[in-house]
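# Report on the structure
Chain residues, written in single-letter form:
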Amino acid sequence: MKISYNWLRDYLPINLPANVLKDILTQIGLEVAKVEQYSSVPGSLEGLVVGHVLKCERIQGTDHLHYTEVNVGDKVLPIVCGAPNVAEGQKVVVAPAGVTLYPYNGEPFKLKKAKIRGVRSEGMIVAEDEIGLGPDHTGIIVLPDDAQPGEPAKKYFDIYQDTVFEIDLTPNRTDAFSHFGVARDLYAYLKIHEPNLDIELKLPSVDDFKIDEITRTIDVEIENLEACPRYAGLTITDVEIKPSPKWMQNRLKAIGQKPINNVVDITNYVLHEIGHPLHAFDADQIPGGKIRVKTAEPGTKFTTLFGDELTLTENDLVIAGADGTPLVLAGIVGGLNSGVTDKTRHIFLESAFFNPTWIRKSAKKFGISTDSSYRFERGVDPNNTIWTIKRTALLIKQLAGGKIASNIVDRYPRPIEPFKVTVKYDYVNRLLGIKFKPDEIKQILNVLEIKITQEDDEKLQVVVPTYRWDVRRPADVAEEIIRIYGFNNVPLPSVIKSVHQKHEADPEIPVNIISDYLSSLGFNEIMNTSLQTEKYYEGLQTYKVENLVRLLNPLSSDVAVLRQTLLFGGLESIIRNINRKNLDLKFYEFGNVYFLNPNETDFDRRYSEMPRLALWLTGLREKPNWRTPAKESDFYLLKTYVDNILKRLNYSLDQFQTDESQNELLNYGLEYKLNDKTAVFFGAVSNKLLRIFEIEQPVYFAEFDWNLLLENQQKEIKFKPLPKFPSVRRDLALLLDENIKYQQVVDIIRKTEQKLIEEINIFDVYKGKNIPEGKKSYAISIILRDPNKTLTDKHVDKTIKRIVAALEKELGATLR
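Residues numbered from 1 in each chain as written. Predicted model: local features only at pLDDT ≥ 70, side-chain atom pairs only at ≥ 80, totals over all residues. Heavy atoms only, no water.

## Topic: the pattern of salt bridges
Note the cut-off: Think of a salt bridge as a Lys or Arg side-chain nitrogen and an Asp or Glu carboxyl oxygen that are within 4 Å of each other. Only DSSP runs of H or I reaching four residues or more are called helices, and only runs of E reaching two or more are called strands; each is numbered from the N terminus. Throughout this description, buried means an accessible area under 20% of the type-specific maximum (1.4 Å probe, protein chains only), exposed means over 50%, and partly exposed covers the range between.
Considering all chains together, one arrives at 47 salt bridges under this definition. Across the pair Arg 730 and Asp 797 runs a salt bridge whose closest N-O atoms are separated by 3.7 Å. You can see Arg 730 sitting in strand 39 (residues 728–737) and its partner Asp 797 sitting in helix 19 (residues 793–811), a full 67 residues away along the chain. Overall, Asp 797 belongs to the partly exposed group, its relative accessible area being 36%.

## Quick word on the pairing of strand 20 (residues 317–320)
Heads up, the rule is: Strands were regarded as paired on the criterion that DSSP finds at least two bridges between them.
Of the two faces of strand 20, the one lined by Leu 317 and Ile 319 and the one lined by Val 318 and Ala 320 are each fully buried. Across four bridges, the pairing between strand 17 (residues 290–295) and strand 20 is antiparallel. Across the sheet, Lys 294 pairs through a bridge with Val 318, a residue of strand 20. Inspection of the sheet shows strand 20 paired to strand 21 (residues 326–329) by three bridges, in the antiparallel sense. Paired with Val 318 across the bridge in strand 21 is Leu 329.

## Here we look at helix 10 (residues 438–447)
Which entries qualify depends on this criterion: Read the arc as the range of directions from the helix axis to the C-beta atoms. We call two residues in contact whenever any of their non-hydrogen atoms come within 4.5 Å of each other.
Along helix 10, the residues classified as buried are Ile 441, Ile 444, Leu 445 and Val 447. Mapping the buried residues of helix 10 onto a view down its axis gives an arc of 170°, with all of them on the same face. Opposite the buried face of helix 10, by more than 90 degrees, sit the exposed residues Asp 439 and Asn 446. Buried residues belonging to helix 10 abut helix 3 (179–193), helix 9 (425–432), strand 28 (459–464) and helix 11 (474–485). A positive backbone phi angle near 65° is found at Glu 449, which sits one or two residues after helix 10.

## Details of empty space enclosed by the protein
Which entries qualify depends on this criterion: The definitions used throughout rest on a 1 Å grid laid over the protein atoms alone, on which a cavity is an enclosed set of points accommodating a 1.4 Å probe that cannot get out and a pocket is an open set flanked by protein within 12 Å on both sides along at least five of seven lines; lining residues are those having an atom within 4 Å of a point. Grid points are joined across faces, edges and corners, and a volume is the space filled by probe spheres set on the points. In this classification, Asp, Glu, Lys and Arg are treated as charged, Ala, Val, Leu, Ile, Met, Phe, Trp, Tyr, Cys and Pro as nonpolar, and every other residue, Gly included, as polar.
A full pass over the atoms with the stated rule returns one cavity of 30 Å³ or more. Of the voids in this model, the largest cavity is the one considered here, and its volume is about 50 Å³. Lining the largest cavity are Asp 175, Arg 184, Asp 185, Ala 188, Val 447, Leu 448, Tyr 467 and Arg 468. The element that contributes the greatest number of residues to the lining of the largest cavity is helix 3, accounting for three residues. A class-by-class count of the residues in the lining of the largest cavity yields four nonpolar, no polar and four charged.

## A look at the sheet that holds strand 27 (residues 451–455)
Which entries qualify depends on this criterion: Every angle, taken between N-to-C directions, lies between 0 and 180 degrees, and every axis is a line fitted to C-alpha atoms, over only the stretch in contact when it is a helix.
With antiparallel pairing, three strands are arranged side by side in an open sheet as 26-28-27. Two strands lie at the open edges of the sheet, namely strand 26 (419–424) and strand 27, each paired on one side alone. Neighbouring strand axes in the sheet, compared pairwise and without regard to direction, differ in orientation by 30° on average. Pairing of strand 26 with strand 28 involves six bridges; the strand directions are antiparallel. Of the residues in strand 28, the one forming a bridge with Val 423 is Leu 460. On the sheet, helix 9 packs against strand 26, strand 27 and strand 28 and is oriented at approximately 75° with respect to strand 26. Packed on one face of the sheet, helix 10 meets strand 27 and strand 28 and runs near 5° to strand 28.

## Focus: the layout of surface pockets
By volume, the largest pocket is sized at about 1700 Å³. Along its surface, the largest pocket is lined by 46 residues, and Tyr 742, Gln 743, Val 746, Ile 760 and Asn 761 are the ones closest to its centre. For the lining of the largest pocket, the secondary structure elements donating two or more residues are helix 15 (635–648), strand 35 (657–660), strand 36 (666–674), helix 18 (742–752), strand 40 (757–766) and strand 41 (775–784). When grouped by side-chain class, the residues that make up the lining of the largest pocket number 20 nonpolar, nine polar and 17 charged. Approximately 770 Å³ is the volume attributed to the second largest pocket. Lining the second largest pocket are 29 residues, and of these Val 264, Asn 268, His 279, Leu 305 and Gly 334 sit closest to its centre. Where the lining of the second largest pocket is concerned, the elements lending two or more residues are helix 5 (262–274), strand 16 (279–282), strand 21, strand 22 (333–334) and helix 7 (371–376). Across the lining of the second largest pocket, the residue classes tally to 15 nonpolar, 11 polar and three charged.

## Things to note about the sheet that holds strand 17
Read across the sheet, five strands follow the order 14-17-20-21-22 without closing on themselves; strand pairing throughout is mixed. Edge positions in the sheet fall to strand 14 (219–222) and strand 22, since each has one partner strand and no second. In the sheet, strand 14 pairs with strand 17 via four bridges, with the strands oriented parallel. Counted as the bridge partner of Glu 221 is Arg 292 from strand 17.

## Quick look at the nonpolar core
Using the following cut-off: Among the buried residues, those of types Ala, Val, Leu, Ile, Met, Phe, Trp, Tyr and Cys that are joined through side-chain atoms within 4.5 Å form a nonpolar core.
Formed by 78 residues in total, the largest nonpolar core has its most connected members in Leu 25, Ile 167, Leu 186, Ile 396 and Ile 481. Of all hydrophobic cores here, the second largest spans 37 residues; its members include Cys 228, Phe 302, Leu 317 and Ala 320.

Listed below in structure tokens is the structure:
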């Protein structure tokens with residue numbers, strides 16, 4: 001939120017330096033993020049001076065350039081000028097070389113000395129557009145004859161200058177979402193810390209408000225009191241729509257608001273003055289001359305003033321005409337035809353209080369954030385609606401003419417009372433760690449407009465103003481006291497007492513085992529948000545859009561659904577690192593994924609949440625040096641990590657069925673299955689997905705079903721004695737069809753010989769010369785061992801023959 005210092009002084013006449021005011025605001029909880037100097041003319045014409053043209057001659061060989069000599073007070077500058085109206089004796093605006101110019105169109109630039117057509121030029125005689133005063137470029141600016149050479153040029157122009165504070169407000173401080181709100185807090189601080197400072201807080205008076213004539217009353221009916229506890233309206237006739245005056249435009253521009261017309265600007269001005277949003281209707285566009293505050297009919301189409309079409313539901317509050325046609329999405333945005341235009345002659349002013357929950361839900365659902373919704377969804381003062389409408393009406397009469405043509409129609413059947421809180425002195429002192437005197441507490445509460453209704457030696461009962469939505473408990477009152485007293489004034493204790501509790505990670509927990517293992521290998525643990533954009537899942541069959549768990553009121557479409565896989569969050573982390581030249585990455589993450597079963601009616605079964613472990617590899621395995629050449633991470637490195645993780649969880653790889661992964665997230669990869677369920681899939685991430693994230697280097701990814709692995713994990717480690725008898729190795733060179741997978745070979749070998757097979761490894765795959773087309777060669781080693789005796793060649797040869805026969809029968813394999 002931006003606060004204009006000039007505007008702030010209307011309510012609190014102070015003259016503190018900007019840096020002092022910044023520190024005070026930050027101390028009282030209104031943290032100042034930035035202080036800027038604003039000027040209605042960019043650059044404020046700094047460095048530009050009045051010049052007197054002493055000499056003006058046409059430069060030979062040109063039809064428009066003139067050589068001039070210009071007195072700028074302390075010297076005479078030679079300047080080449082191309083303006084058609086330059087003449088000897090004029091008083092002009094001069095930009096000497098070295099001055100920065102801010103043109104009406106284009107970027108600022110620093111003026112340099114130059115030679116034009118061989119003639120030296122040490123400045124510029126400027127036109128309006130060249131210094132940002134306006135778009136006119138027909139000629140140079142000519143000043144009055146009494147202008148004195150060397151004077152600052154800005155003296156002759158109406159330039160509005162201001163200091164603007166950008167304040168980072170916490171959402172609970174709705175009372176400070178305005179200039180008067182900030183002034184009110186400043187006043188409280190200064191009255192406590194500068195008691196001799198003669199200042200008073202001034203709220204503009206509305207005593208001059210009166211009804212001119214009752215000729216057009218628009219009735220108001222509230223049909224949903226929960227959503228709209230209060231609604232006030234007023235009709236003003238015969239207004240003249242025109243630009244607002246310069247002073248108002250300058251103030252609005254200084255805080256980043258774009259002036260539109262006098263009536264709209266006045267409603268924006270009062271919004272930023274007191275923090276209460278208003279809406280001005282074109283009274284002739286209200287059907288039936290009546291306002292109905294109601295919930296929308298399901299499926300109602302509503303077009304906003306920005307041209308966006310919304311489909312409303314019964315959970316959306318609207319301001320409608322007598323026929324029920326929505327004119328405004330209450331507290332959020334006006335309709336296309338409800339607002340003030342150049343043709344408007346009669347207006348209906350709205351000043352209301354809407355339930356913050358209703359406004360917040362609709363605003364988030366439609367992804368709309370306006371100055372109005374920002375305040376209504378956090379809570380405004382329900383008891384300030386009448387002052388606000390009177391203040392606005394008086395400004396409209398002053399700046400747009402017209403007549404107040406009705407009484408204020410105020411519908412407020414259930415008034416909201418100030419909140420009562422009981423505060424004990426001892427509680428405040430214990431909570432804040434300071435021994436306050438009762439009078440000190442009462443003085444601070446008094447300047448904060450928190451009224452004391454009852455008191456005794458131990459406690460106070462106070463009434464909190466309705467503009468303070470965040471003060472509801474004794475702790476909140478204590479916070480207000482210390483905020484104004486000053487956190488910086490809290491004395492530091494001489495001794496700091498604390499209890500140290502050491503929490504060590506349990507090394508037996510599987511998550512800790514794997515985390516320690518991966519971290520020791522150079523992996524970095526990442527933690528991504530579970531919220532993602534739906535766009536990642538569009539077109540996927542493994543992770544379908546209809547299985548996404550959606551948020552009812554997402555902050556934006558980028559965080560509208562819960563993730564079904566950890567992959568996308570990791571890719572976001574990878575591209576963020578790559579964009580910062582960190583190319584070699586190893587990440588892991590423990591996180592949950594979420595699924596919706598749309599066909600399930602039972603709530604507990606409709607939604608599921610499951611833990612996952614994911615790995616990401618990209619870039620080089622390690623930094624190269626004179627001994628270690630650069631080597632890229634690849635699928636086999638990832639497979640090594642996957643296998644080792646499973647071993648750390650007490651699994652033997654023989655327990656898994658291995659298959660080629662069909663997961664569309666991958667270009668290629670493998671799956672390990674337990675009981676026909678995928679325990680882990682891993683491989684190279686799909687090129688299509690990498691292009692979405694603009695990642696130009698390969699990324700390798702693995703995702704473990706953590707629940708499945710823990711459910712089937714062997715909890716006890718079983719030991720067996722070292723073998724007493726030697727093993728025997730036999731190598732086979734098998735000729736197979738190209739489509740046969742290695743796992744098929746392994747499964748047949750183990751099925752054929754279940755007792756003696758200890759280990760099977762593939763050490764070569766070959767296709768090419770001397771291999772028939774459509775065939776490939778596997779070189780496989782088989783380790784055999786009998787735990788009870790030494791194997792003989794005869795026994796081994798017999799076993800190998802049975803294996804070869806089985807492979808030939810089931811796979812058509814032949815020995816090379």
